[in-house]
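Residue strings, one per chain:
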Amino acid sequence: ELPERAAIIEVGPRDGLQNEKNFVDTSVKIEFIKKLKKAGFQEMELTSFVSPKWVPQMKDSAEIVASCLDDETRNFVLTPNERGIQRLYETSCKNAAVFVGVSNTFNQKNINKPTADSLSELAPLIKDLKRKGYFVRACISTAFYCPYEGKIDEQDVLAVCEQFESFGVDELSVADTNGMASPLEVYELFSLLKHRLSSTTLLTAHFHDTRGLALANIFAALQAGVNRFDSSAGGLGGCPFAPGATGNVATEDVVYMLHQMGIQTGIQLEPLLEAVDYISDYVSRPVESRQYKLGQMN
Ligand code: HMG
Ligand code: MG
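Moving on to the coordination of the magnesium ion (ligand 2). Bound to the magnesium ion (ligand 2) on the protein side are D15 (OD), H206 (NE2) and H208 (NE2), at distances that span 2.0 to 2.3 Å. Along the chain, the residues donating to the magnesium ion (ligand 2) are arranged with the sequence spacing D-x190-H-x1-H. Within this pair, whereas D15 is found in helix α1 (residues 12–18), its partner H208 is found in the loop between β9 (202–207) and α9 (214–223), the two being separated by 193 residues in sequence. Residue classification places H208 among the buried residues on the basis of a relative accessible area of 4%.

Here is the structure:
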């Protein structure tokens, strides 16, 4: 009952770089995105429209969008608020990714307001995006654990997802922000969401690999019927407002695992590893993915 095909949404240029302490030159970001596109990604988060005071790494996001749109890829810009959607309307990008935390404390630290206030700000914005024909993805943070509040109730995650569905989103990306979920919890939450949400809403899983369980969690999500995964080239990433969290699961390790299981992704490992090798010279953290390290040894 595993799918024949799975979609990978590459979030490296956004989640991967947002937590990088040294500013990565705009031209390097653009080259990284170009190299990633050569590997065949059909969906990618390019950058985010957030406050440059909060996340200085993303201060060049308008330039990134202006340089990196194309017709082959569904290119997303991540943003939490009205100002970000206004900025999106000033570009030719037609795919928005909004975000909210299930945990109130996390949402407060990340977006500076309670979860309910973020949802009520986003409701009319999402409806307007949909009226204008945009694709809308909603990213749901702290769906398993919160670095401040601990274990999150499944019913609270479901309630946030149902609200986004009622606003008309196309996709829900449900995240283990700090990489604390175990495969059993993943199987249970995604089974519940698959069962309770509309089958026309795309359901995506977003794992951080803090405790080394991300690949196991992907397998658990596959078994629950999920066939879309966010991942980051090189396993870079993390949210600056989620202390203790490390990078996303590495795209190259996900692609390798899925291909070994006979699940197609449309992504080619060689050019992907070239993109990882390129960006590894510009980030302060060593690339830890298995596929990259194996390639370096040969
Ligand atoms: P605030 O300080 O409450 O905002 O921050 P404000 O409305 O008072 O505005 C403050 C200043 O920011 C103003 O500028 C605004 O114009 C500007 P000033 O007048 O002082 O010059 N501003 C903006 N500028 C550019 N783009 C915008 C924008 N909005 C306001 N969109 C705010 C509230 C939401 C802005 C802030 O908290 C923020 O930017 N947060 C973003 C945090 C972030 O980027 N986190 C990482 C992404 S989420 C994530 O990684 C999780 C995910 O991967 C899934 C998972 O793993 O869980 C998606
Ligand atoms: Mg993330």
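Strand order in this closed barrel of eight strands is β1-β2-β3-β4-β5-β8-β9-β10, and the pairing throughout is parallel. Along the sheet, successive strands turn relative to each other by an average axial angle of 25°, direction set aside. As defined by bridge partners, strand β1 (residues 7–10) adjoins strand β10 (residues 228–231) across four bridges and the pair is classed as parallel. By the bridge assignment, A7 is partnered in β10 with R228. Together, β4 (95–101) and β5 (135–141) form the strand contacts of helix α5 (residues 104–111), whose direction differs from that of β4 by roughly 125°. Against the sheet, helix α7 (residues 154–167) contacts β4, β5 and β8 (171–176), and its axis sits at roughly 155° relative to β8.

A word on the environment of E121. Position of E121 among the secondary structure elements: in helix α6 (residues 115–131). Excluding its chain neighbours within four sequence positions, the residues that come into contact with E121 are N81, E82 and K113. Engagement of the side chain of E121 in a polar contact is seen with the backbone nitrogen of E82, the distance being 2.8 Å.

What follows deals with empty space enclosed by the protein. Under the counting rule described, the total for this entry stands at one cavity of 30 Å³ or more. One number sums up the size of the largest cavity: a volume of about 30 Å³.

Take the packing of aromatic side chains next. Counting across every chain of the model gives seven aromatic pairs. A centroid spacing of 6.4 Å and a plane angle of 75° characterise the contact between F190 and F207, whose relative ring orientation is edge-to-face. Remark: F207 occurs in strand β9 and F190 occurs in helix α8 (residues 183–196); sequence separation between them is 17 residues. In this structure, F190 and F207 share a single accessibility class: buried. Plain terms: the ring middles of Y278 and Y282 are 5.3 Å apart, the flat faces sit at 50° to each other, and that makes the pair tilted. According to the relative accessible area criterion, Y278 is buried, its value standing at 17%. For Y282, a relative accessible area of 39% corresponds to the partly exposed category. Following the ring pairs from residue to residue traces out a cluster consisting of F144, F190 and F207. Lying across the ring of F49, R87 places its NZ or CZ 4.2 Å from the centre. Its guanidinium or amino end placed over the ring of F76, R137 lies 5.3 Å from that ring's centre, counting from NZ or CZ.

What follows is about the layout of surface pockets. Quantified by volume, the largest pocket comes out at close to 510 Å³. Around the largest pocket, the lining is made up of 34 residues, and of these V50, P80, F99, N110 and I111 lie nearest the centre. What the second largest pocket holds in volume is close to 310 Å³. Residue classes in the lining of the second largest pocket are distributed as four nonpolar, seven polar and six charged.

Rules used in this analysis
Throughout, residues of each chain are indexed from 1 in the direction in which the sequence is written. For naming, the first written chain is A and the first written ligand is 1, with later ones following in the order written. Only residues with pLDDT of at least 70 are given local features in this predicted model, and only at 80 or more are side-chain atom pairs given and counted; all residues enter the totals for whole chains, interfaces and linings. Just so you know, side-chain values use all the structure's heavy atoms and leave hydrogens and water out. Donor atoms are limited to N, O and S found within 2.8 Å of the metal ion, a distance that becomes 3.2 Å for Na, K and Ca. With water left out, some sites might look partial. Going along the chain from the N terminus, every DSSP run of H or I of four or more residues is numbered as a helix, and every run of E of two or more is numbered as a strand. The buried label goes to any residue with under 20% of its type's maximum accessible area, the exposed label to any with over 50%, and the partly exposed label to all in between, with areas taken from a 1.4 Å probe on protein chains only. Strands qualify as paired when DSSP identifies two bridges or more between them. To get an axis, fit a line to the C-alpha atoms, keeping to the stretch in contact for a helix; angles then go from 0 to 180 degrees between the N-to-C directions. Residue contacts are defined here by distance: any two heavy atoms, one from each residue, within 4.5 Å place the two residues in contact. We define a polar contact as two N or O atoms separated by no more than 3.5 Å, with the added condition that, inside protein, one atom must be a possible hydrogen donor and the other a possible acceptor, whereas residues neighbouring each other in sequence contribute only through side-chain atom pairs. Here a cavity means grid points, on a 1 Å grid over the protein atoms only, where a 1.4 Å probe fits yet cannot get out; a pocket means an open set of points with protein on both sides within 12 Å along at least five of seven lines; lining residues are those with an atom within 4 Å of a point. Grid points are joined across faces, edges and corners, and a volume is the space filled by probe spheres set on the points. We call Phe, Tyr and Trp rings a pair once their centres come within 6.5 Å, taking the six-membered ring for Trp, and we label the pair stacked below 30 degrees between planes, edge-to-face above 60, and tilted otherwise. Only when the NZ of Lys or the CZ of Arg is both within 6 Å of the ring centre and within 35 degrees of the ring normal is a charge said to sit over the ring. By the convention adopted, Pro, Cys, Tyr, Trp, Phe, Met, Ile, Leu, Val and Ala count as nonpolar, Lys, Arg, Asp and Glu as charged, and the other residues, Gly among them, as polar.

Read these as spatial facts, not as claims about activity.
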